[in-house]
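Chains, contacts and geometry: an overview
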Amino acid sequence: MATEGTRGDEPRRRVPRRRISRRWCLPPAITHEPGEVLEGSYILDEFGSDLALVLWTAVRDVMLWSSTPAERRAVLFSPGAEADRRAGMDAAGVDAALGLSLATLATVVSHPAQAHPEIISLVCMDVSRWAREQGRMGTAVAFAQAAAFAQPNAPLPALAVGRLTVEWGRYRRAETWLRRSIGLARRAGDWESYGSAYVMLGEVYVNTGRAAVAPRYFQQAARLSRRQGHRAVRAAALHGLLRTSLAAGELDAAEGYARLAQRAYGRANPRLPDLQHDVAQLLVARGNFQRAVPMLRRQLGVFTDLARRALCHALLAHAAAALADPATYEPSWAEAWALLDAPEAGVVAGDVLRHLGRAAERQEDWLRVQLVVERFGGMRPEPQTGPLAADLEELHSLLNR
């Protein structure tokens with residue numbers, strides 16, 4: 001009879017398990033907008049003629065250099081190309097900070113075979129940051145993409161493109177770059193970039209109405225960053241879980257994530273005001289209006305973007321109505337309603353209307369309740385889910401009594 005480890009009289013041979021190395025898939029990334037016929041054309045739209053041409057030429061030089069095999073780069077540009085680039089910079093009156101970066105990129109056309117991908121990528125990211133500070137997001141994205149193509153195997157430039165396109169509101173394009181960054185980071189073992197890309201993917205899903213999908217990306221980032229010790233990534237992931245829990249009406253979970261996120265951020269993190277803004281929303285949802293009011297007043301002194309201010313005023317109107325404080329309710333309600341007309345407020349319009357409707361209901365201000373219901377119906381006629389749907393349905397029923 002065969003015993004364990006044998007077959008009849010013959011010993012069973014142990015076959016060593018072969019490790020299967022999985023090649024992490026790198027999906028292609030979207031590199032231009034649907035209406036962008038000429039690559040980098042946003043640069044030409046965002047700047048005056050001379051400077052626009054200098055910047056556009058620099059991006060095109062880097063992209064051409066990146067797409068050419070190394071053995072063919074030596075004869076890529078004409079002998080007088082660098083002199084032409086520098087003459088264009090002089091004509092455009094480029095400032096010193098930007099001029100240093102563009103001058104470095106100009107040397108690529110005179111010494112293409114000796115140019116270092118890492119240096120080109122870093123300089124392109126410098127120009128991208130400069131353009132972002134100027135509010136020229138198309139230019140910022142174009143140079144970040146050039147940096148990513150100069151170092152096609154580096155996850156950090158791809159992640160930078162993803163972040164910028166999220167900020168620019170090009171979410172479909174952002175998703176492709178973030179997924180590419182995840183693949184590159186997995187290959188390179190860059191777990192900080194890997195976790196950051198997952199956090200940004202969660203933000204993409206939140207901002208595109210797919211909040212139910214977002215928590216798994218935040219959870220993945222939170223677990224990974226805890227194992228790897230990347231505190232900033234963990235804080236951002238926990239903050240994302242707070243927001244998605246709050247949107248789903250899971251207030252106990254949201255409160256737990258708020259505590260964990262605050263601990264992970266620490267005291268000096270620049271994102272603390274954003275966290276406190278979400279905590280204020282949680283306090284209003286919990287009915288803790290007394291604590292929410294001073295917090296919201298402080299936030300109005302900090303935030304300048306119109307979307308955040310609109311939501312702060314709406315939350316303050318809601319809390320003031322619950323506390324029977326008409327002196328605060330009236331101006332806050334009116335200010336939030338006026339800010340709804342700003343294009344930037346579109347991303348928070350549903351939440352702003354929900355809190356304005358609740359505030360007007362508590363004040364028995366039925367004319368304003370009617371305005372909220374009509375405004376929401378005109379803006380987003382599709383069916384809603386979660387707390388927003390429940391509140392709107394109740395407002396409808398109150399008006400029909």
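1. Points about the overall build of the protein chain
When you go through the protein chain residue by residue, the secondary structure sums to 19 helices and two strands. In the protein chain, buried positions account for 47% of the 401 residues. Total accessible area on the protein chain stands at roughly 21,300 Å², and carbon and sulfur atoms take up 51% of it.

2. Examining the confidence of the model for the protein chain
Averaged over the protein chain, the pLDDT score is 88; the fraction of residues at 70 or greater is 88%. pLDDT under 50 marks residues 1-11. Its contacts with residues more than four places away, or in other chains, come to seven contacts.

3. Notes on unusual backbone geometry
With phi around 55°, Ala 324 is a residue other than glycine that occupies positive phi space. By secondary structure assignment, the location of Ala 324 is in the loop between helix 15 (306-322) and helix 16 (326-339). Note on Ala 324: relative accessible area 59%, which makes it exposed. Even without a glycine there, the phi angle at Glu 364 is positive, about 55°. Topologically, Glu 364 is positioned in the loop between helix 17 (349-362) and helix 18 (366-379).

4. A short note on the nonpolar core
Here is a general trend for soluble globular proteins: nonpolar side chains tend to be buried in one another's company. Judged by nonpolar contacts, the single largest core of 76 residues is most densely connected at Leu 178, Tyr 329, Trp 333, Val 352 and Leu 356. The element best represented in this core is helix 15, accounting for 11 residues. Contacts of Tyr 329, omitting those with residues within four sequence positions, involve Ala 317, Ala 320, Ala 321, Ala 359, Ala 360, Gln 363, Asp 365 and Arg 368. Of all hydrophobic cores here, the second largest spans 43 residues; its members include Met 89, Val 108, Val 123 and Trp 177.

5. Concerning empty space enclosed by the protein
Summed over the entire model, instances satisfying the criterion amount to one cavity of 30 Å³ or more. If you add up the space inside the largest cavity, you get close to 110 Å³. The leading source of residues in the lining of the largest cavity is helix 6 (residues 137-150), at four residues. Residue composition of the lining of the largest cavity, by class: six nonpolar, five polar and three charged.

6. As for the packing of aromatic side chains
Per the counting criterion, the structure on display carries eight aromatic pairs. Note on Phe 149 and Trp 177: the rings are 6.0 Å apart at their centroids and 85° apart in plane angle, and the pair reads as edge-to-face. Of this pair, Phe 149 sits in helix 6 while Trp 177 sits in helix 8 (residues 171-188), and the two are 28 residues apart along the sequence. Given a relative accessible area of 2%, Trp 177 falls into the buried group. Ring centres of Trp 333 and Trp 337 lie 5.2 Å apart, and the angle between their planes is 20°; on these two criteria the pair is classed as stacked. In this pair, Trp 333 and Trp 337 are both assigned in helix 16, four residues apart and thus about one turn of the helix distant. A network of ring pairs unites the aromatic residues Trp 191, Tyr 194, Tyr 198, Tyr 205 and Tyr 217 as a single cluster. Directly above the ring of Trp 65 sits Arg 73, whose terminal nitrogen or CZ lies 3.8 Å from the centroid.

7. Quick look at the pattern of salt bridges
The tally for this structure, following the rule as stated, stands at 20 salt bridges. Among the salt bridges present, the one from Arg 132 reaches Glu 167, with a minimum N-O distance of 2.9 Å. In this pair, Arg 132 sits in helix 5 (residues 117-133) while Glu 167 sits in helix 7 (residues 155-168), placing the two residues 35 residues apart along the sequence. Residues joined by salt bridges that share partners form a network here, namely Asp 252, Glu 255, Arg 259 and Arg 286.

8. Focus: the environment of Ala 154
Within the fold, Ala 154 resides in the loop between helix 6 and helix 7. For Ala 154, a relative accessible area of 17% puts it in the buried group.

Conventions we followed
Residues numbered from 1 in each chain as written. Predicted model: local features only at pLDDT ≥ 70, side-chain atom pairs only at ≥ 80, totals over all residues. Heavy atoms only, no water. Helix = DSSP H or I, 4+ residues; strand = E, 2+ residues; numbered from the N terminus. Buried < 20%, exposed > 50% of the residue type's maximum accessible area, 1.4 Å probe, protein only. Areas by Shrake-Rupley, 256 points an atom, 1.4 Å probe, with all protein chains shown as cover. pLDDT = per-residue confidence, 0-100. Contact = heavy atoms within 4.5 Å. Core = buried A, V, L, I, M, F, W, Y, C linked by side-chain atoms within 4.5 Å. 1 Å grid on protein atoms, 1.4 Å probe; cavity = no way out; pocket = protein on both sides within 12 Å on 5 of 7 lines; lining within 4 Å. Points joined across faces, edges and corners; volume = space filled by probe spheres on them. Nonpolar A, V, L, I, M, F, W, Y, C, P; charged D, E, K, R; others polar. Phe/Tyr/Trp six-rings, centres within 6.5 Å; stacked < 30°, edge-to-face > 60°. Lys NZ or Arg CZ within 6 Å of the ring centre and 35° of its normal. Salt bridge = Lys/Arg side-chain N within 4 Å of Asp/Glu carboxyl O.

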